[in-house]
Amino acid sequence: MLSKEFLSQFKTEEDVSQFLKDLHSQVLEQMLQGEMDAHLGYDKHSTDGYNSGNSRNGSFSKKIQSEHGEHLIEVPRDRKGEFEPIVVPKHQSRGLSIERLVISLYAKGMSVSDIEDELRDIYQINLSTSAISIITNKVTQTAIEWQNRPLERLYMVVWMDGIVFKVRESGKVINKTVYLCVGLNNRGYKEVLGMWIGKTESSSFWMSVLTDLKARGVEDILITVTDNLNGFTETIRAVFPQSTTQICVVHQIRNSCRYVVWKDLKEFTADMKEIYTSVNRDQAAIALEEFERKWGAKYRHAVQSWHRNWNDLTAFFDFPIEIRTIIYTTNLIENLNGKIRKYTKTKLSFPTDDALRKSVWLAISEIEKKWTMPIRNWGVVMNQFLVIFENRIEL
């Protein structure tokens, strides 16, 4: 927690920027002195340097560029002129970004105190927790800007799912859901459209998420892929009435298997597989009839759930195989959730919603850096979308 005395020195955004600019200069100069110690083989003012054949020879000023503009630092010299700085290389005007280093460590799930220790032990940087907090707190504003950015008019597919975290509220640790939407744009690239925090996953909260997408410019979604949360598909149709809604088949399989005893599970899942691997909806309906004949008496609720969700479970049968493979399950967004978990695994609970928002946004930012290619077979998939939805796609 930052003290009131420490924070009182910052009246404006310019004050924060100047603080970070000065901090950047001080840390770089500190690191350069450490590099010089390593180069010479002895600390400054140490008697080990007597008659060593080389020694410090003052310093020179150098202009460098950083996230906070141009500023001067003092670079140490040695008498032999052999010193080659690493953090601020010769003939370069940019040094190591302290801000990016701190944020990168924070994104990997490290606490402010952990970062302080890491910088001191690994990088020989003495940076206070207050200074580190100033840097990480800037993430909040960037995350807000990202969350409110305009979106594209059309998304080919949007996958939706929630991930649960523990957060402190009113002295208690409670579960909160981070709602996530991943969109596939008309160039074949994935992007996280946003993240929203609520107490429990519900169709009513998803209504506010979808309304937010629409307010940010989304006019149409060709296909949505969701879990089988009660009322979810009706919520989607209320906001995007033209969207094809697909319930995740994998979620359906998991929910069905919850009612099955262990000794029946292997045979039960093999028979269920005949349904969703059918070549078309008619064959799938026949497989469901056989499935019901065999298991309906023993596992009535599991079989009824297939009937109850049939239209949304089998929507993928209306599409060619290349599109089917990307819409019959929410595996894509569950994979994203798994990677977010890896970045946040050190946090047993978060002190506030804002701390949770910062950590998840930083994890998303790191993950999206690797989303540099269109999805597999995009050329084929896009041509199929153009044929099926020709009146709704504008290139």
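Another point: the overall build of the chain. Along its length, the chain carries 16 helices and seven strands. Counting only residues that meet the buried cut, the chain has 47% of its 395 residues in that class. Within the chain, counting contacts between residues at least 6 apart in sequence, those at least 24 apart form 65% of the total. Split by element, the accessible area of the chain, about 20,600 Å² in all, is 51% carbon and sulfur.

Attention now goes to unusual backbone geometry. Located in the positive-phi region is Ser-170, a residue other than glycine, with phi close to 55 degrees. Mapped onto the elements of the fold, Ser-170 is located in the loop between β3 (154-169) and β4 (172-184). Located in the positive-phi region is Asn-377, a residue other than glycine, with phi close to 60 degrees. If you trace the backbone, Asn-377 turns up in the loop between α15 (353-368) and α16 (378-388).

A few words now on the sheet that holds strand β6 (residues 220-226). Reading across the sheet, the five strands line up as β5-β4-β3-β6-β7 and stay open at both edges, with mixed pairing between neighbours. Lying at the two open borders of the sheet, with one neighbouring strand each, are β5 (190-198) and β7 (244-247). For this sheet the average axis-to-axis angle between neighbouring strands, irrespective of direction, equals 25 degrees. Where β6 and β7 come together, four bridges link them in parallel fashion. Within β7, the position partnered with Ile-223 by the bridge is Thr-244.

So, about the pattern of salt bridges. For the structure on display, the rule yields 17 salt bridges. Here Arg-153 and Glu-219 are joined by a salt bridge, their closest N and O atoms 3.8 Å apart. Residue Arg-153 is found in the loop between α5 (129-147) and β3, and its partner Glu-219 is found in the loop between α6 (203-215) and β6; the two are separated by 66 residues along the sequence. For Glu-334, the salt bridge goes to Arg-254, with nearest N and O atoms at 3.1 Å. Here the residue Glu-334 occupies a position in helix α14 (residues 331-344), and Arg-254 occupies one in helix α8 (residues 249-257), the gap between them amounting to 80 residues. We classify Arg-254 as partly exposed; its relative accessible area is 43%. Residues joined in a network through salt bridges with shared partners are Glu-169, Lys-176, Lys-199 and Asp-353.

The subject of this paragraph is the packing of aromatic side chains. As enumerated under the stated definition, the model contains twelve aromatic pairs in all. In textbook terms, an aromatic cluster arises when at least three aromatic residues are bridged by ring pairs, as seen for Tyr-179, Phe-205, Trp-206 and Phe-232. Stacked on the ring of Trp-371, the Lys or Arg Lys-190 has its end atom at 4.5 Å from the ring centre. Against the face of Phe-240 rests Lys-214, its NZ or CZ located 5.4 Å from the ring centre.

The subject of this paragraph is α15. Taking 1.5 Å per residue, 16 residues should reach 22 Å; α15 reaches 22 Å between its end C-alpha atoms and fits that length. Residues of α15 that are buried include every one of Ala-355, Leu-356, Lys-358, Ser-359, Val-360, Trp-361, Leu-362, Ala-363, Ile-364, Glu-366 and Ile-367, and no others.

Here the focus is the confidence of the model for the chain. Per-chain confidence: the chain averages 85 in pLDDT, with 88% of residues scoring 70 or above. Between the elements of the chain, mean pLDDT differs from a low of 54, seen in helix α1 (residues 4-7), to a high of 97, seen in β6.

With that settled, the discussion passes to the packing of α14 against α15. Where α14 contacts α15, the two axes come as close as 9 Å, and the packing angle between them is 120 degrees. Considering the relative orientation of α14 and α15, their crossing is right-handed. From α14, Leu-336, Lys-339, Ile-340, Tyr-343 and Thr-344 reach across to α15, where they touch Ser-359, Val-360, Ala-363, Ile-364, Glu-366 and Ile-367. Counted by class, the contact of α14 with α15 contains seven nonpolar, two polar and two charged residues.

Relative to the helices and strands, Thr-245 resides in strand β7. A residue is classified by how much of its surface remains accessible, and Thr-245, at 5% relative accessible area, is buried. Polar side-chain contacts of Thr-245 include one of 3.0 Å to the side chain of Arg-237. A polar side-chain atom of Thr-245 sits 2.7 Å from a polar atom in the side chain of Asp-312. Sequence-distant contacts of Thr-245, defined by excluding residues within four places in its chain, comprise Thr-224, Thr-233, Ile-236, Arg-237, Asp-312 and Ala-315.

Among the structural elements, Asp-271 can be located in helix α9 (residues 262-276). Within the local environment of Asp-271, its side chain forms a polar contact with the side chain of Lys-294, the two groups lying 2.9 Å apart. Discounting chain neighbours no more than four positions away, the residues touching Asp-271 are Phe-291, Lys-294 and Trp-295.

Thresholds applied
Residue indices follow the written sequence of each chain, beginning from 1 at its first position. Thresholds applied to this predicted model are a pLDDT of at least 70 for local features of residues and 80 or more for the giving and counting of side-chain atom pairs; totals over whole chains, interfaces and linings are not thresholded and use all residues. With hydrogens and water stripped out, all remaining heavy atoms of the structure feed into the side-chain values. Secondary structure elements follow DSSP: runs of H or I of four or more residues count as helices, runs of E of two or more count as strands, with numbering from the N terminus. The buried label goes to any residue with under 20% of its type's maximum accessible area, the exposed label to any with over 50%, and the partly exposed label to all in between, with areas taken from a 1.4 Å probe on protein chains only. The contact criterion used throughout is that any non-hydrogen atoms of two residues lie within 4.5 Å. Accessible areas in this description were obtained via Shrake-Rupley with a 1.4 Å probe; residue shielding takes into account the shown protein chains only. What makes two strands pair is DSSP finding at least two bridges between them. All axes are obtained by fitting lines to C-alpha atoms, using only the stretch in contact for helices, and the reported angles, taken between N-to-C directions, cover 0 to 180 degrees. When a carboxyl oxygen of Asp or Glu is within 4 Å of a side-chain nitrogen of Lys or Arg, the pair counts as a salt bridge. Whether two aromatic rings pair depends on their centres lying within 6.5 Å, for rings of Phe, Tyr and Trp, where Trp uses its six-membered ring; planes under 30 degrees apart make the pair stacked, over 60 edge-to-face, and the rest tilted. Geometrically, a lysine NZ or arginine CZ counts as sitting over a ring once it is within 6 Å of the ring centre and also within 35 degrees of the ring normal. By this rule the span expected of a helix is its residue count minus one, scaled by 1.5 Å. In predicted models, pLDDT denotes the confidence assigned by the predictor to each residue on a 0 to 100 scale. For a crossing to be left-handed, the near helix must be turned anticlockwise from the far one by less than a right angle; the clockwise case is right-handed. Classification used: nonpolar for Ala, Val, Leu, Ile, Met, Phe, Trp, Tyr, Cys and Pro, charged for Asp, Glu, Lys and Arg, polar for all others including Gly. Two N or O atoms count as a polar contact when they lie within 3.5 Å, although within protein this holds only if one can serve as hydrogen donor and the other as acceptor, and sequence-adjacent residues are included solely when both atoms are side-chain atoms.

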